Amino acid sequence: MTAKNKDIQKIEEILIAIAIKIARQEKGCLFVIKQNGLQYENLIPQDVKPFRIIDNQRRLEALALVDGACIIDKNGDLIAYAAQISNTKTFKGFGTRHSAAFTASLNKNIAILASEEDKKIRVFKNGKLLM
């Protein structure tokens, strides 16, 4: 496994742990690890400056509760929050957050979501629901 893959895996682990905490609160969130092209719009002004998620997981957890997605780059820096994924494609049988996660994952990005309805964590890679 390359160093880059280990970094991405560590970022995934952190995001899954935070998503589990949020799901246990019966709330939802969406994280996208941006590795390739991703179109999104910020829903609110970005008052919080980018930061390393490894160093400040509590801040990330708070921002994840704001409507929209948290976008993290492949280095583990939060680059946007409260982001709306553009041009979403429907993920049949699920709602808007799942459709956004599915769409974001189509370009080799990784999407991790917590569903407030069923309290489950789902991971999307390459347009596929993995878990």
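About the thresholds
- Residues numbered from 1 in each chain as written.
- Predicted model: local features only at pLDDT ≥ 70, side-chain atom pairs only at ≥ 80, totals over all residues.
- Heavy atoms only, no water.
- Phe/Tyr/Trp six-rings, centres within 6.5 Å; stacked < 30°, edge-to-face > 60°.
- Helix = DSSP H or I, 4+ residues; strand = E, 2+ residues; numbered from the N terminus.
- Buried < 20%, exposed > 50% of the residue type's maximum accessible area, 1.4 Å probe, protein only.
- Lys NZ or Arg CZ within 6 Å of the ring centre and 35° of its normal.
- Contact = heavy atoms within 4.5 Å.
- Salt bridge = Lys/Arg side-chain N within 4 Å of Asp/Glu carboxyl O.
- 1 Å grid on protein atoms, 1.4 Å probe; cavity = no way out; pocket = protein on both sides within 12 Å on 5 of 7 lines; lining within 4 Å.
- Points joined across faces, edges and corners; volume = space filled by probe spheres on them.
- Nonpolar A, V, L, I, M, F, W, Y, C, P; charged D, E, K, R; others polar.
- Pairing = 2+ DSSP bridges.

## A few points about the packing of aromatic side chains
Move 1: Summed over all chains, the structure comprises three aromatic pairs.
Move 2: Residues Phe 91 and Phe 102 carry aromatic rings whose centres are separated by 5.4 Å and whose planes lie at 35° to one another, so their mutual orientation is tilted. One end of the pair, Phe 91, is in the loop between strand S5 (77-85) and helix H3 (96-105); the other, Phe 102, is in helix H3, with eleven residues separating them in the sequence. When sorted by exposure, Phe 91 lands in the same class as Phe 102, which is buried.
Move 3: Among the aromatic side chains, those forming a connected cluster through ring pairs are Phe 91, Phe 94, Phe 102 and Phe 124.
Move 4: Seen from the ring of Phe 51, Arg 59 lies directly overhead, with NZ or CZ sitting 5.1 Å from the centre.

## Focus: the environment of Glu 26
Move 1: Mapped onto the elements of the fold, Glu 26 is located in the loop between helix H1 (3-24) and strand S1 (29-34).
Move 2: Sequence separation of Glu 26 and Glu 41 is 15 residues, and the distance between their C-alpha atoms is 26 Å.
Move 3: Among residues more than four places away in sequence, those in contact with Glu 26 are Glu 116 and Lys 119.

## Quick notes on the pattern of salt bridges
Side chains that carry opposite charge are capable of pairing whenever their charged atoms lie near each other.
Move 1: Applying the stated criterion across every chain yields a total of six salt bridges.
Move 2: The salt bridge partner of Lys 125 is Glu 12, with a shortest N-O separation of 3.2 Å. Taken together, the residues Lys 125 in strand S7 (residues 121-125) and Glu 12 in helix H1 connect sequence positions 113 residues apart.
Move 3: For the salt bridge of Asp 77 with Arg 52, the shortest nitrogen-to-oxygen distance reads 3.8 Å. Here Asp 77 is found in strand S5, whereas its partner Arg 52 is found in strand S3 (residues 51-52), with 25 residues between them in sequence.

## Comments concerning the layout of surface pockets
Move 1: Of the voids in this model, the largest pocket is the one considered here, and its volume is about 240 Å³.
Move 2: Every residue lining the largest pocket is listed: Leu 30, Leu 43, Asp 67, Gly 68, Ala 69, Ala 83, Gln 84, Ile 85, Thr 88, Thr 96, Arg 97 and Ala 100.
Move 3: Listing elements by their share of the lining of the largest pocket, those giving two or more residues are S5 and H3.
Move 4: Residue composition of the lining of the largest pocket, by class: six nonpolar, four polar and two charged.
Move 5: Put simply, the second largest pocket is a space of about 150 Å³.
Move 6: Lining the second largest pocket are eleven residues, with Ile 8, Gln 35, Lys 108, Ile 110 and Lys 125 sitting closest to its centre.

## Concerning the pairing of S1
Move 1: Here S1 lies mainly inside the structure; five of its six residues are buried.
Move 2: With five bridges connecting them, S1 and strand S6 (residues 110-114) associate as antiparallel partners. Directly across from Phe 31, in S6, lies its bridge partner Ile 112.
Move 3: When S1 meets strand S4 (residues 69-73), the two strands line up parallel, connected through four bridges. Bridged to Val 32 within S4 is Ile 71.

Function-wise, these values are silent; they only describe arrangement.
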